[in-house]
Amino acid sequence: MTNAVPVLDRLDLDPVVREALEFRRAMFDWCLREARRASERGAIEHALQWNVLAARLGCMDCAVLASAELESNVLGFASRLPVPAWRPTPGRPRRWLHVFSEAGPSAGHSAMAWRWMSLDPEPNRHSVVLLSQRTAVAEQLIDLVARRDGEVIRMDPDAPILARAERLRTYAWTEADIVILHVHPWEVVPTLAFGIPGGPPVLLLNHSAHLFGVGSTIADLMINTRQSAQEDEWSSVYRGMGDRLVMLPLVLPAPAWRVRTPELRADARRRLDVPTDALVLVTIGNSYKYTPLPGRDFLQVARTITSRRPNAYVLAAGVFEDARWQAARASTGGRIRAFGTQLDVTPFHAAADVYIEGFPMGSATALLEAAHHGLPCVLAPRTCPPPFGTDGAIYDEMGVDQPADVAEYVARALAFLDDENLRQRTGQHFADAVEKHHAGDAWLAKLESLKCSIPAQHEIYRLDQPPQIPWPLVAFWSAVTVRNRADPLGIVYRSAARLGLKPRFDSSMRTAIRIAKPIRTLHPLQQWLISCTDRVAGVVPIERSDWLYALYEWLAAVLREDGKVMRLWRALSRRGRGQDA
């Protein structure tokens with residue numbers, strides 16, 4: 001059953017949240033208008049780039065999960081690409097093509113693809129296309145693909161969108177029987193490449209189920225991973241996928257819990273500078289997920305736990321140590337610590353006694369991996385509703401639910417710390433349940449079921465504009481992200497100028513900027529620069545304005561937030577207010 005929409009302590013009435021969302025939506029609409037104007041001028045590449053900027057704005061919130069207009073814009077150019085002959089391989093084995101925007105280290109959704117390729121029991125060929133990889137390709141990925149008789153195709157990230165889409169279509173139609181998209185949610189290249197019927201069926205991995213995404217019109221199947229009724233509803237209704245859904249859980253290496261040996265535990269604690277006899281709670285997630293909201297302050301909870309158990313440590317992997325975390329570390333003698341980005345979190349699993357999910361934004365993957373290592377886990381409190389807190393069939397089966405509130409969250413964590421037998425029983429129960437769903441033969445059976453559901457060939461699907469997500473949930477997400485996002489106007493305007501798109505505000509956009517003035521975060525110098533550039537652009541023919549945007553880009557670089565000019569400006573401002581420089 002889908003969770004009821006919660007009442008979230010009046011976060012949904014926060015005027016700053018509403019104004020920020022309205023401004024982002026106005027910018028989104030402006031980008032789409034600019035895309036239409038570029039298309040009318042015959043500037044197709046510029047039109048596609050404007051659609052990318054719109055999609056990136058959409059990904060800043062979860063108000064709507066798909067745009068019928070944006071998808072239609074991109075599909076309108078798909079027929080311009082050559083159509084190669086598709087010759088599928090009859091029967092099995094088959095040729096699988098995994099498409100990434102970029103493949104990072106073996107974590108997150110990259111790890112899903114890596115393990116998928118390595119665990120596939122059939123002698124299928126697995127190849128990889130990287131659409132915008134700027135870093136080196138991991139040797140492990142190259143070796144893995146080679147073992148599966150495939151190849152890694154790395155495209156030039158600065159090549160035109162049309163060129164990359166043409167290359168992707170040609171390769172997929174001549175070298176693949178099935179395509180799986182692991183791309184960023186704002187990626188438009190696949191929608192352009194697969195924007196006509198025919199060719200290999202296209203599967204879209206839904207690794208950002210709570211965010212806006214592109215691709216609903218070209219996904220023959222969407223792969224959900226959380227086994228969550230809410231995730232299915234959001235995909236079906238709010239992303240417009242209907243019944244084109246299939247479930248394939250995140251795949252985990254089995255059996256991970258066996259690596260938590262006493263020797264590894266002692267070594268991990270030495271590396272993390274934690275006493276051997278300490279009680280260790282671990283949490284893993286990106287820094288922004290720990291942004292405090294009213295009644296939902298993870299760091300305050302960590303202070304409460306460590307104050308009640310003097311030998312308890314709280315270690316946060318993935319969290320950068322800002323002033324609040326520095327103060328917590330100092331006041332507890334180092335018993336609360338943030339470790340920043342960690343490519344390998346194995347030492348944290350090995351050192352831990354208990355895993356506590358971060359909030360207000362949880363991390364379902366991090367919690368699964370901790371449970372798979374045999375750690376008892378405390379889910380984020382119910383005041384952090386799914387999909388921002390963790391849910392899914394596996395927790396329903398175990399009878400594990402979210403704590404009612406922060407007080408119950410603390411109580412559950414303390415109960416685990418105080419009872420070693422409870423920790424061991426619960427941890428083993430968690431590990432067995434995770435292995436049942438996410439590893440070994442159970443996962444392979446779900447993979448086989450997915451294979452049987454794949455259609456014979458690719459189709460294009462109608463997308464009527466889906467409704468908006470229920471407002472309280474939009475407000476919850478935005479209450480966090482508004483506090484962590486830079487001003488979108490500066491980001492989009494400079495990106496557009498750098499791409500040669502020659503941005504110009506129309507009357508609707510100027511009105512939105514004026515209305516949004518109270519919530520704008522750009523420095524006054526940067527706002528002035530954008531305003532001056534736009535005024536001059538209004539009297540310069542667009543075909544002769546390259547010099548104007550080159551000048552803007554140079555000045556924007558000079559006035560960047562961490563540059564010398566801005567540091568000097570802030571120092572002079574402090575002196576003007578009588579503060580020390």
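Keep in mind that this is a model prediction, so the values were computed, not measured.

## Remarks on the overall build of the protein chain
- Secondary structure summary: the protein chain contains 23 helices and 12 strands in total.
- Against the globule reference of 25 Å for 581 residues, the protein chain gives a C-alpha radius of gyration of 25 Å, in line with a compact fold.
- Burial statistics for the protein chain: of 581 residues in total, 56% are counted as buried.
- Total accessible area computed for the protein chain in this model is approximately 24,400 Å², and 54% of it derives from carbon and sulfur atoms.
- Here the protein chain holds 68 positive side-chain charges and 65 negative ones, and the gap between their average locations is 6 Å.

## Regarding the nonpolar core
- With 81 residues, the main nonpolar core has Leu-168 and Phe-194 as its most contacted residues.
- Broken down by element, the residue count for this core peaks at 10 residues, all from helix H1 (residues 15-40).
- Once residues lying within four places of it in the same chain are set aside, the contact partners of Leu-168 are Leu-97, Val-99, Val-129, Leu-131, Met-155, Val-189, Pro-190, Ala-193 and Phe-194.

## What to know about a nonpolar patch on the surface
- Together, Val-536, Val-539, Trp-547, Leu-551 and Trp-554 give the surface a local cluster of nonpolar side chains, amounting to about 550 Å² of exposed area.
- In terms of residue count, helix H22 (residues 546-558) provides more of the nonpolar patch than any other element does, 3 residues in total.
- Mapping Val-536 onto the fold places it in helix H21 (residues 524-537).

## Remarks on the pattern of salt bridges
- Summed over all chains, the structure comprises 30 salt bridges.
- The partner of Glu-69 in a salt bridge is Arg-36, with the nearest N and O atoms 2.3 Å apart. In this pair, Glu-69 is assigned in helix H3 (residues 68-75) and Arg-36 in helix H1, connecting sequence segments 33 residues apart.
- Given the relative accessible area of 32%, Glu-69 is considered partly exposed.
- Arg-265 is paired through a salt bridge with Asp-353; the nearest N and O atoms lie 2.9 Å apart. Residue Arg-265 is found in helix H9 (residues 262-271), and its partner Asp-353 is found in the loop between helix H12 (346-351) and strand E11 (354-356); the two are separated by 88 residues along the sequence.
- Here the residues in one salt-bridge network are Arg-92, Asp-120, Glu-122, Glu-448 and Lys-451, joined through shared partners.

## Concerning helix H19 (residues 488-498)
- Burial analysis of H19 places 8 of its 11 residues in the buried class, the great majority of the element.
- Of the residues making up H19, those classed as buried are Pro-488, Leu-489, Gly-490, Val-492, Tyr-493, Ser-495, Ala-496 and Ala-497.
- Buried residues belonging to H19 abut H1, helix H2 (44-58), helix H20 (507-515), H21 and H22.
- Its side-chain oxygen placed 3.0 Å from the backbone nitrogen of Leu-489, Asp-487 serves as the N-cap of H19.
- Looking one or two places after H19, you find Gly-500, whose phi comes out positive at around 80°.

## Some points on the side chain of Thr-191
- Looking at where Thr-191 falls in the secondary structure, it is placed in helix H7 (residues 189-193).
- Beyond its immediate stretch of four places on either side in the chain, Thr-191 contacts Glu-71, Val-74, Leu-75, Val-214, Gly-215, Thr-217 and Ile-218.

## Structural notes on H3
- With 6 of its 8 residues buried, H3 lies for the most part within the structure.
- Restricting attention to buried positions, one finds in H3 the residues Ala-68, Leu-70, Glu-71, Asn-73, Val-74 and Leu-75.
- In this structure, the buried residues of H3 make contact with H1, H2 and H7.

## Here's the deal with the pairing of strand E9 (residues 312-317)
- Within E9, 6 of the 6 residues are buried, which leaves the element mostly enclosed by the surrounding structure.
- Neither face of E9 is left uncovered, since the one carrying Ala-312, Val-314 and Ala-316 and the one carrying Tyr-313, Leu-315 and Ala-317 both have all their residues buried.
- The pairing of strand E8 (residues 279-284) with E9 spans 6 bridges and is parallel. Directly across from Val-280, in E9, lies its bridge partner Tyr-313.
- You can see the chain leave E8, run along helix H10 (residues 298-308) and come back into E9, and the turn it takes is right-handed.
- Alignment of E9 against strand E10 (residues 336-338), held across 3 bridges, turns out to be parallel. Among the inter-strand pairings, Val-314 is bridged to a residue of E10, identified as Ile-336.

## Things to note about the packing of aromatic side chains
- Under the criterion given, the structure shown has 16 aromatic pairs.
- Geometrically, the ring pair formed by Trp-234 and Tyr-238 is edge-to-face, given 6.2 Å between the ring centres and 75° between the ring planes. With Trp-234 and Tyr-238 both in helix H8 (residues 229-238), this residue pair falls 4 residues apart, about one helical turn. Note on accessibility: Trp-234 and Tyr-238 belong to one class, buried.

## A short note on the sheet that holds strand E12 (residues 377-378)
- Reading across the sheet, the 5 strands line up as E10-E9-E8-E11-E12 and stay open at both edges, with parallel pairing between neighbours. Each having just a single partner strand, E10 and E12 make up the two edges of the open sheet.
- On top of the sheet, helix H11 (residues 323-331) reaches E9 and E10; it is set at about 145° to E10, its chief contact.

## Overview of the sheet that holds strand E2 (residues 125-130)
- Taken together, the 7 strands give an open sheet; going across it, the order is E3-E2-E1-E4-E5-E6-E7, and neighbouring strands pair in parallel fashion. Each end of this open sheet is capped by a strand with a single partner; those strands are strand E3 (152-154) and strand E7 (245-247). Across the sheet, the axes of successive neighbouring strands diverge by a mean angle of 25°, strand direction being ignored.
- Examined bridge by bridge, strand E1 (residues 95-100) and E2 share 6 bridges and lie parallel to one another. By the bridge assignment for E2, Trp-96 is matched with His-126.
- Running over the sheet, helix H17 (residues 440-453) touches E1, strand E5 (202-205), strand E6 (221-224) and E7 and is turned about 160° from E7.

## Some points on the pairing of strand E4 (residues 178-181)
- Neither face of E4 is left uncovered, since the one carrying Ile-178 and Ile-180 and the one carrying Val-179 and Leu-181 both have all their residues buried.
- Here 4 bridges tie E1 to E4, and the two strands are oriented parallel to one another. Looking across to E4, one finds that Trp-96 is bridged to Ile-178.
- Note: E4 against E5, 3 bridges, orientation parallel. The residue of E5 that forms the bridge with Ile-180 is Leu-203.

About the thresholds
Residues numbered from 1 in each chain as written. Predicted model: local features only at pLDDT ≥ 70, side-chain atom pairs only at ≥ 80, totals over all residues. Heavy atoms only, no water. Helix = DSSP H or I, 4+ residues; strand = E, 2+ residues; numbered from the N terminus. Rg over C-alpha atoms; globule rule 2.2 N^0.38 Å. Buried < 20%, exposed > 50% of the residue type's maximum accessible area, 1.4 Å probe, protein only. Areas by Shrake-Rupley, 256 points an atom, 1.4 Å probe, with all protein chains shown as cover. Lys, Arg positive; Asp, Glu negative; His and termini not counted. Charge placed at Lys NZ, Arg CZ, Asp CG, Glu CD. Core = buried A, V, L, I, M, F, W, Y, C linked by side-chain atoms within 4.5 Å. Contact = heavy atoms within 4.5 Å. Patch = residues over 30% accessible without salt bridge, like charges linked within 9 Å, V, L, I, M, F, W, Y side chains within 5 Å. Salt bridge = Lys/Arg side-chain N within 4 Å of Asp/Glu carboxyl O. Polar contact = N/O pair within 3.5 Å; in protein donor to acceptor, adjacent residues only side chain to side chain. Pairing = 2+ DSSP bridges. Right-handed = clockwise from strand over helix to strand, strands pointing away. Phe/Tyr/Trp six-rings, centres within 6.5 Å; stacked < 30°, edge-to-face > 60°. Axes fitted to C-alpha atoms, helices over the stretch in contact; angles between N-to-C directions.

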